[in-house]
Amino acid sequence: MGLLSSLFKKESKPLKINPNESFACPSVTILYGTKTGNAQLVAQQTQKSFEQNGIDSECYNISKYNISRLFSEKLLLIVMSTDGEGEFPPNSRKFFSQLSNAEFPALAQLNYSICALGDSSYEHYCGAGKQLDKRLQTLGAKAVIPRIDCDLEFRETALSWIEKVFSHLRSEDVSSDAKDQALPEIQIDAHDMLQSKLLKRYAVSKGDAGSAVYHIILDNSQTKIAYEAGDCIEIIPENPETLVDQIIKTLGIDSDIHINGSGFAIRDLLKYKYELTKVSRPLVKKYQALTNHEELLRLVNNKEELKAYANRADVLDLIKDFPASINGEQLTSILSPLHSRYYSIASGSKAYPEEIHLCIKTVRFEANARKYEGAGSVFMNEGLAENTRVNFRHIPNASFHLPEDNNTPIILIGVGTGIAPYRAFLNDRKAQNILDQTWLIWGDKEKEKDFLYEDELNTYQKEGYLHRLDTAFSRDQAEKIYVQDVFIRNKSEILNWIENGAHIYLCGHTKMGHSVRNTLSDLLIEHKSISKEEANNEVLKLIENGRLHEDLY
């Protein structure tokens, strides 16, 4: 379970709801909690199916939902994604915080069902949906359709959930005609992808070229996406050619053979259609079932060892570590479709309306006597030539946008390529001539090699658009220094900015985000002479009031 979720369980602030307020609710209300848009897609397609079949329904972003309506709902459907290791997506945290209040009234009259979306490579798979389900049951609500958990390839499982909802609604309909009708044909359409062109790419790091960080500029003059600083884009990559070749060689198959009636050669399928650079626990189990490999069975039956293996291995590791005589068709029958990669936009639309900038670190390292490469980063940083077309999808991230009031001070905290949205913020603040309101605390390993956008940031500071710049390069001294250490070193100023209404932004890996949140809680304990629980509630209040923003991965 993530840190925020554990904090929510300790929620003790006064509850502001009215269980006696009456609402005119439809037959079905659908809520969605999402970060990348998949839960929203399922929820909206569910409502569309209802509309086409004459079922009265409403669909809401859960952050816009009045929680007092729970006492009037006839049937509540919730599509809930999980953010990282068991966390709720940002737009759902206030809802769950309120629901977790010890004073929340019983919900014995509420009928509900949850479709949980997650990633089985994480320990707390579908953790947000599971926690929400448990809390609703604790409050006495009835799950009329048991929660269903969907992995990254969620469509088929989500469709089965929607069909079960239809069956339930038919069973509740008093007319015999409705009960006898066949279930409608339901589908979840794929997200629409747009096409752009890679205009320019250049390195912004000075270290090893094999793991360089690149600034990428995509054309937005034709698509004209109305993005905002803080948003991200989705890219469907290609697998590294060396990995594809090694898998084909290990299997001893003909790379040109066409399989599955797809019309594609096995080499093309592996390069463009299937996930190869990482394995999930379900994939390892499927491979064991396919091959009956005894040693692998022992691994599958050891939860901790299986988790560790799935976190470090790719498909080539799997077929080499546990060799078996299988062909290309058998292998592709158990592989997952190639997953999307998500990148924060590194440009402000007010400064660059006809461009979309990205900041991507090349993932490449050696271990176990072989080389590993990231599919998305190698594809974007090395696989695409300038002027090449690239498919993408814009993903709004409203919970990570700049404050509506331009005079609101902001504290930006991040590591590595987590600087991307902060560059976008500075782009827009300069375009709007907003001075002396931005403080950046950012870190990486070595200043000489890893100081991304150094000249640009120094210029922003000289011009007054960046009021303060503090860095933490962990390996430049004997004792490692991280961004949370900078936070502690400047605690008086940090607390002063917060008391003056500053918004705090966290971008980078989840571990960093947890460390900064803990550090902030500790500073509040010292500053206000309050308990740990009270300090945690202060942090939650910042989140609920939209003053603590996170984009962690």
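None of these values were measured; they are calculated from a predicted model.

Caption draft 1: Structural context of the overall build of the chain. The secondary structure content of the chain amounts to 21 helices and 19 strands. By the compact-globule yardstick of 24 Å for 553 residues, the chain fits well, its C-alpha radius of gyration being 25 Å. Counting only C-alpha atoms, the chain reaches 75 × 70 × 50 Å along its principal axes. When burial is assessed residue by residue, the chain has 54% of its 553 residues classed as buried.

Caption draft 2: Quick look at a positive patch on the surface. Together, Lys-361, Lys-445, Arg-475 and Lys-480 make up a region of like positive charge exposed at the surface. Position of Arg-475 relative to the elements: it lies in the loop between β17 (468–473) and α18 (483–489).

Caption draft 3: Representation of the side chain of Asp-551 in the model. Among the structural elements, Asp-551 can be located in strand β19 (residues 548–552). Accessibility expressed as a relative area gives 7% for Asp-551, which makes it buried. Setting aside its immediate chain neighbours within four residues, Asp-551 contacts Lys-35, Ser-344, Asn-397, Phe-400, Leu-506, Cys-507 and Gly-508.

Caption draft 4: Local environment of the layout of surface pockets. Quantified by volume, the second largest pocket comes out at close to 1200 Å³. In terms of lining, the second largest pocket is formed by 39 residues, of which the most central are Asn-61, Ser-63, Asn-91, Ala-398 and Ser-399. For the lining of the second largest pocket, the elements supplying multiple residues, two or more each, are α2 (38–52), α3 (93–99), β14 (389–395), α21 (532–544) and β19. Here the element with the most residues in the lining of the second largest pocket is α2; it accounts for 4 residues. Tallied by class, the residues present in the lining of the second largest pocket amount to 11 nonpolar, 18 polar and 10 charged.

Caption draft 5: Examining the environment of Gln-195 more closely. With respect to the helices, strands and loops of the structure, Gln-195 is situated in strand β7 (residues 194–203). Linking Gln-195 and Glu-73, residues 122 residues apart in sequence, is a C-alpha distance of 42 Å. Ignoring any residue separated from it by four or fewer positions in sequence, one finds Gln-195 in contact with Thr-223, Arg-389, Val-390, Asn-391 and Phe-392.

Caption draft 6: Region of interest: the pairing of β14. With respect to burial, β14 is a largely interior element, 5 of its 7 residues being buried. Note: β7 against β14, 4 bridges, orientation antiparallel. Looking at the pairing, Ser-196 lines up with Val-390 of β14.

Caption draft 7: Main features of the pairing of strand β11 (residues 355–361). Here β11 lies mainly inside the structure; 5 of its 7 residues are buried. Where strand β8 (residues 213–219) and β11 come together, 7 bridges link them in antiparallel fashion. Across the sheet, Tyr-214 pairs through a bridge with Ile-360, a residue of β11.

Caption draft 8: A look at the side chain of Asp-470. Tracing the backbone through its elements, the reader meets Asp-470 in strand β17. When residues no more than four places from it in sequence are discounted, the contact partners of Asp-470 are Trp-439, Leu-440, Ile-441, Trp-442, Val-486 and Asn-490.

Caption draft 9: Representation of the packing of aromatic side chains in the model. Counted by the stated rule, this structure contains 16 aromatic pairs. Aromatic side chains Tyr-422 and Phe-425 sit 6.0 Å apart centroid to centroid with 45° between the ring planes, which places their arrangement in the tilted category. Taken as a pair, Tyr-422 and Phe-425 lie in helix α15 (residues 420–431) at a separation of 3 residues, close to a single helical turn. With respect to class, Tyr-422 is no different from Phe-425; both count as buried. Seen from their ring centres, Phe-425 and Tyr-505 are 5.1 Å apart, and the 70° between their planes marks the pair as edge-to-face. Here Phe-425, found in helix α15, pairs with Tyr-505, found in strand β18 (residues 503–508); they are 80 residues apart in sequence, far enough to count as distant. When its relative accessible area of 0% is taken as the criterion, Tyr-505 is described as buried. An aromatic cluster of three or more residues is present, and its members are Phe-400, Tyr-422, Phe-425 and Tyr-505. We note Lys-273 situated over the ring of Phe-264; from NZ or CZ to the ring centre the distance is 5.4 Å.

Cut-offs applied
- Residues numbered from 1 in each chain as written.
- Predicted model: local features only at pLDDT ≥ 70, side-chain atom pairs only at ≥ 80, totals over all residues.
- Heavy atoms only, no water.
- Helix = DSSP H or I, 4+ residues; strand = E, 2+ residues; numbered from the N terminus.
- Rg over C-alpha atoms; globule rule 2.2 N^0.38 Å.
- Buried < 20%, exposed > 50% of the residue type's maximum accessible area, 1.4 Å probe, protein only.
- Patch = residues over 30% accessible without salt bridge, like charges linked within 9 Å, V, L, I, M, F, W, Y side chains within 5 Å.
- Areas by Shrake-Rupley, 256 points an atom, 1.4 Å probe, with all protein chains shown as cover.
- Salt bridge = Lys/Arg side-chain N within 4 Å of Asp/Glu carboxyl O.
- Lys, Arg positive; Asp, Glu negative; His and termini not counted.
- Charge placed at Lys NZ, Arg CZ, Asp CG, Glu CD.
- Contact = heavy atoms within 4.5 Å.
- 1 Å grid on protein atoms, 1.4 Å probe; cavity = no way out; pocket = protein on both sides within 12 Å on 5 of 7 lines; lining within 4 Å.
- Points joined across faces, edges and corners; volume = space filled by probe spheres on them.
- Nonpolar A, V, L, I, M, F, W, Y, C, P; charged D, E, K, R; others polar.
- Pairing = 2+ DSSP bridges.
- Phe/Tyr/Trp six-rings, centres within 6.5 Å; stacked < 30°, edge-to-face > 60°.
- Lys NZ or Arg CZ within 6 Å of the ring centre and 35° of its normal.

It is worth stressing that arrangement in space is one thing and function is another; only the former is reported here.
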